[in-house]
Amino acid sequence: MPYVIGEFGRPPEMPAEVSPALTTPMYWFYEVAHAALNPARMLGDATKIMFQNPLNPWTHTELGKSIAAACEVFERTTRRYGKPEWGLDETEVLGVTTPVQVVTVWEKPFCRLLHFERQHERPLRHPQPRLLIVAPMSGHYATLLRGTVEAFLPTHEVYITDWSDARMVPLAEGRFDLDDYVDYVIEMLQVLGGDVHVVAVCQPSVPVLAAVSVMEAQGDPCVPISMTLMGGPIDTRCNPTAVNNLAAERGIDWFRNHVITKVPFPHPGVMRDVYPGFLQLNGFISMNLDRHMDAHRNLFNHLVQGDGDLADKHREFYDEYLAVMDLTAEYYLQTVDVVFIKHSLPMGQFVHRGKVVDPSKITRVALMTVEGENDDISGLGQTEASHRLCSSIPDHRRVHYVQPGVGHYGVFNGSRFRAEIVPRVSDFMLMAAETRMARAAE
């Protein structure tokens, strides 16, 4: 499929100028419209089943196939997509097919820490590196990094952050902002202990760098062995992209007034202020509307022609693409303000719990940055800027790599990611572990 997902492509266009008075009940109108379509979806499902029944003589005609295909396209374009499954039931470890079980090892209201536990028939002779992948909290679920997890599973014990949909978190559980994000990362690293590597994919690069800086400043023994930042907006003044320019042009008040609304009944998070997933999805689709319309037109043709493989590829992509989650308003607005407007981290003004975060305090953690040559979300140099901030890390324990020929999505997924980036990141982790062991032995 030629598409990319969420922030992992061109930036979504913002909604048209509307009054804040309309923005507030926007979510409620959306829920009413969605509920009103339920009878039509049920009728469409029943009609599709009828025209796919082999006992129906119309099933094998062009008209019958067209009716069934039209009903499926209608149902798929009007349904609400739930959280996708991971679908990683097994991996290959040292040439042996090994079952994988996803278990929760830590949990708070806005996040779970998942472990992809490999069920070895016999213990490995040498333990493999433990890896914490911090997934973006940017509209899509952590399953967006399915390919990232799959690539590391054969050679690592993989953990990943599974962020919660804000509409499913009761208001009584409190707020969640950028300070909380940093706290969550610190707690997860402490739960895993110091023998772990951390990889931040895109947006989490900022809070992960802040979390490690805070831990180093406090002398925390649970700092990770290495920190890999991939396509992250550390300093968006470097080669600013349309995402960066949009934030600067609009200003934080525009975002507060035009994209924030309250979660309606009957969701558990009723009355929580959020940046709703459906509004983000509207932006994702509108920026490439013609391509999405063509894709669904092609789905109709594939269904009529009986091309099941191409139809399955369409379903697989859009099941992920259309599954979106709400973000808490305070987290979203603070991130836009601190990262894209004020550039607080590279300016030395990023504050966590009332204290300025200083990346130059990092001395024990090795640093690797990865960028894509054609990245139009986090421009070249934005992630590399972390090396200037982490000035106390010796040169022999830092690496910067630019992957030729890939955009933002290719930094953490796809064939070049698997063939060229993963081996480099794995080698860097081994080097960092050996260096730390040598220092401990001194």
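What counts as what
- Residues numbered from 1 in each chain as written.
- Predicted model: local features only at pLDDT ≥ 70, side-chain atom pairs only at ≥ 80, totals over all residues.
- Heavy atoms only, no water.
- Buried < 20%, exposed > 50% of the residue type's maximum accessible area, 1.4 Å probe, protein only.
- Helix = DSSP H or I, 4+ residues; strand = E, 2+ residues; numbered from the N terminus.
- Pairing = 2+ DSSP bridges.
- Right-handed = clockwise from strand over helix to strand, strands pointing away.
- Phe/Tyr/Trp six-rings, centres within 6.5 Å; stacked < 30°, edge-to-face > 60°.
- Expected span 1.5 Å × (residues − 1).
- Salt bridge = Lys/Arg side-chain N within 4 Å of Asp/Glu carboxyl O.

**Q** Please provide a residue-by-residue account of the pairing of strand S7 (residues 226-230), values included.
**A** Among the 5 residues in S7, 5 count as buried, and that is most of the element. Relative to S7, strand S6 (residues 197-201) runs parallel, the two sharing 5 bridges. Paired with Ala-200 across the bridge in S7 is Leu-229. Once the chain exits S6 it traverses helix H7 (residues 205-217) before rejoining the sheet at S7, and the crossover so formed is right-handed.

**Q** An account of the packing of aromatic side chains is needed here, citing residue identities and associated values.
**A** Scanning all chains against the criterion turns up 21 aromatic pairs. On the basis of an interplanar angle of 45° and a centroid distance of 6.2 Å, the ring pair of Phe-176 and Tyr-181 is categorised as tilted. For the residue pair Phe-176 and Tyr-181, the accessibility class agrees, reading buried in each case. Following the ring pairs from residue to residue traces out a cluster consisting of Trp-106, Phe-110, Trp-163, Phe-176, Tyr-181, Tyr-184 and Tyr-331.

**Q** Tell me about H7, and name the residues and values.
**A** For H7, which comprises 13 residues, the first-to-last C-alpha distance of 18 Å matches the rise-based estimate of 18 Å (1.5 Å per residue) to within 8%. Among the 13 residues of H7, 12 are classified as buried, and the element is accordingly described as predominantly covered. Looking only at H7, the buried set comprises Ser-205, Val-206, Pro-207, Val-208, Leu-209, Ala-210, Ala-211, Val-212, Ser-213, Val-214, Met-215 and Glu-216. Trailing H7 by a residue or two, Gly-219 shows a phi angle of about 70°, which is positive.

**Q** I'd love a proper account of the pattern of salt bridges, names of residues and values included.
**A** Counted according to the given criterion, the structure contains 23 salt bridges. Residue Arg-80 is joined to Glu-31 by a salt bridge in which the shortest nitrogen-to-oxygen separation is 2.6 Å. Placement of the pair is Arg-80 in the loop between helix H4 (62-78) and strand S1 (90-93) and Glu-31 in helix H2 (residues 26-36), with a sequence separation of 49 residues. Ionic contacts of the salt-bridge type, sharing partners, join the residues Glu-72, Asp-312 and Arg-315 into one network.

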